[in-house]
Amino acid sequence: MTAQRADDAPVETDAVVIGAGPVGLFQVFELGLLEMRAHVVDSLPGPGGQCTELYADKPIYDIPGTPACTARELIDRLLLQIAPFNAQFHFGQQVDVLRREDDGRFRVETSRGLRLITKTVFIASGVGSFQPRHLKIEGLAAFHDTQVFYNVAEAASLAARRVLVIGDGDAALECAMSFAAAGPLHATEVTLMHRRDEFKAAPATVARFRAMRATQQLHFIAGQAIGFEQLAGRLTSLTVSTPDGPDRTLPLDALVVMTGLSPKLGPVADWGLALERKQLVVDTEKFETSTPGIFAVGDVNTYPGKKKLILCGFHEAALAAYGAAAHVFPGRAQPLEYTTTSPRLQHALGRA
Ligand code: FAD
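The structure presented is a predicted model; accordingly, all values stated were derived computationally and were not measured.

Trainee: Break down the environment of methionine 258 for me, with residues and values.
Mentor: Within the element layout of this structure, methionine 258 appears in the loop between strand S17 (254-257) and strand S18 (261-264). Along the backbone, methionine 258 and isoleucine 310 are 52 residues apart, and their C-alpha atoms lie at a distance of 28 Å. The contact partners of methionine 258, leaving out residues within four places of it in the chain, are Asn151, Val152, Ile166, Gly167, Asp168, Ala171, Ala172 and Cys175.

Dropping the structure here:
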């Protein structure tokens with residue numbers, strides 16, 4: 001969607017889904033079948049939650065009807081399945097504010113200034129909002145967003161000459177390789193740093209990285225950042241301790257830190273909803289929280305017998321959608337219909 005200006009009216013919708021993990025995505029499907037429009041917000045730059053962040057290429061064997069698929073494939077299939085419902089996605093922003101308006105609807109505000117007014121809210125925030133792990137060096141935060149970045153999209157705005165990337169996962173290696181390759185991101189000198197010359201990235205990514213390193217298109221250093229130098233308000237170099245030599249000074253224009261993401265419960269705890277051990281208490285009829293109109297599905301909720309499994313989250317999403325229909329269409333009967341036989345559902349799915 002186009003950027004919302006500060007003086008624009010908030011966007012109005014039937015449902016806001018907080019979290020685009022597998023359960024948040026399937027929630028869009030169940031809402032769509034019942035003719036409710038949804039906006040989805042996630043702090044990550046793309047969909048998938050734990051599936052894409054923590055185990056994208058590992059197989060999952062317990063999705064009904066799917067004997068095996070990787071976590072990434074599951075997310076791709078869910079995206080395909082919900083495509084007919086044209087949900088609006090807002091990535092790279094955390095939902096900070098959730099409060100009830102005087103007319104009974106809810107106001108949702110994100111870290112990027114997006115404002116939504118919605119009849120219902122679905123919290124599908126899983127184990128929390130994934131945030132990049134920051135490099136803990138005193139004083140370095142002053143350069144955040146100008147010379148120190150925590151994702152490649154932010155760093156892309158900088159025409160940098162010497163780029164240092166820290167990390168050993170796919171994101172870090174891909175980032176270093178995209179700076180080293182010819183193209184809009186090209187930097188004159190690219191170095192990747194990690195504690196040792198071993199990487200947790202996928203073998204194919206590591207092989208491409210090593211090939212570029214062998215031809216000196218980029219460099220590698222084993223080490224750990226311990227300090228930095230600055231001159232006239234600019235970060236000029238990183239001080240690095242190396243495993244088998246003296247400390248080194250690495251001159252740089254930009255530093256991209258990609259040492260992983262860690263989930264933070266974040267603002268969910270501040271929204272006045274009943275919590276038990278940092279999880280949202282819900283009923284098992286509608287998966288509604290202590291505030292009517294706000295539902296919680298997937299790993300974030302708790303109830304007797306709760307199991308943190310994707311298939312349990314899918315079941316919760318189906319019943320929560322029926323619960324929400326009573327708020328969005330008060331007084332309307334909501335009979336159970338089968339996708340196999342209902343012309344209305346097939347029309348909604350674009351299959352009629
Ligand atoms: P998540 O996947 O955690 O997604 C939540 C999303 O919400 C995240 O993207 C987060 O960034 C976002 N978010 C949180 N707070 C905010 C906020 N305030 N604003 C914006 N965005 C926010 N389950 C199975 O059923 N089968 C398996 O085989 C299996 N294998 C697993 C293997 C591993 C290694 C791990 C770690 C988990 C596995 N699981 C498995 C568990 C499964 O991944 C989780 O149950 C599932 O991801 C929960 O989905 P979710 O949508 O509730 O939450």
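Text resumes after the structure shown.
Trainee: Give me the sheet that holds strand S20 (residues 279-281): which residues, what numbers.
Mentor: Hydrogen bonds along the backbone pair up the strands of a sheet, which may run parallel or antiparallel. Here three strands make up an open sheet; going across it, the order is S19-S20-S22 and the pairing mixed. Edge positions in the open sheet fall to strand S19 (275-276) and strand S22 (301-302), since each of these has one partner strand only. Strand direction decides the pairing type here: S20 and S22, joined by two bridges, are parallel. The residue of S22 that forms the bridge with leucine 280 is asparagine 301.

Trainee: Which residues make up the pattern of salt bridges, and what values do they have?
Mentor: Tallying each qualifying case throughout the model produces 20 salt bridges. Among the salt bridges present, the one from aspartate 103 reaches arginine 105, with a minimum N-O distance of 2.9 Å. Overall, the relative accessible area of 49% leaves aspartate 103 in the partly exposed class. The partner of glutamate 316 in a salt bridge is lysine 306, with the nearest N and O atoms 2.9 Å apart. Of the two residues, glutamate 316 sits in helix H7 (residues 310-328) while lysine 306 sits in the loop between S22 and H7, which places them ten residues apart along the sequence. Looking at glutamate 316, the relative accessible area reads 0%, which means it is buried. The class of lysine 306 is buried, set by a relative accessible area of 15%. In the salt-bridge network here, residues are joined through shared partners; they are Glu35, Arg332, Glu337 and Arg344.

Criteria and cut-off values
Sequence order as written defines residue numbering, which begins from 1 separately in each chain. Owing to the predicted nature of the model, reporting of local features is limited to residues with pLDDT of at least 70; listing and counting of side-chain atom pairs is limited to 80 or more, with chain, interface and lining totals taken over all residues. Just so you know, side-chain values use all the structure's heavy atoms and leave hydrogens and water out. The way it works is that DSSP assigns letters per residue, a run of H or I at least four long becomes a helix, a run of E at least two long becomes a strand, and they are numbered from the N terminus. Here a residue-residue contact requires only that any non-hydrogen atoms of the pair lie within 4.5 Å. Think of it this way: DSSP has to see at least two bridges between two strands before they count as a pair. Salt bridges are defined as contacts in which a side-chain nitrogen from Lys or Arg sits within 4 Å of a carboxyl oxygen from Asp or Glu. When accessible area is computed with a 1.4 Å probe and restricted to protein chains, residues below 20% of their type maximum are described as buried, those above 50% as exposed, and intermediate ones as partly exposed.

Note that all results are geometric; they support no functional claim without further evidence.
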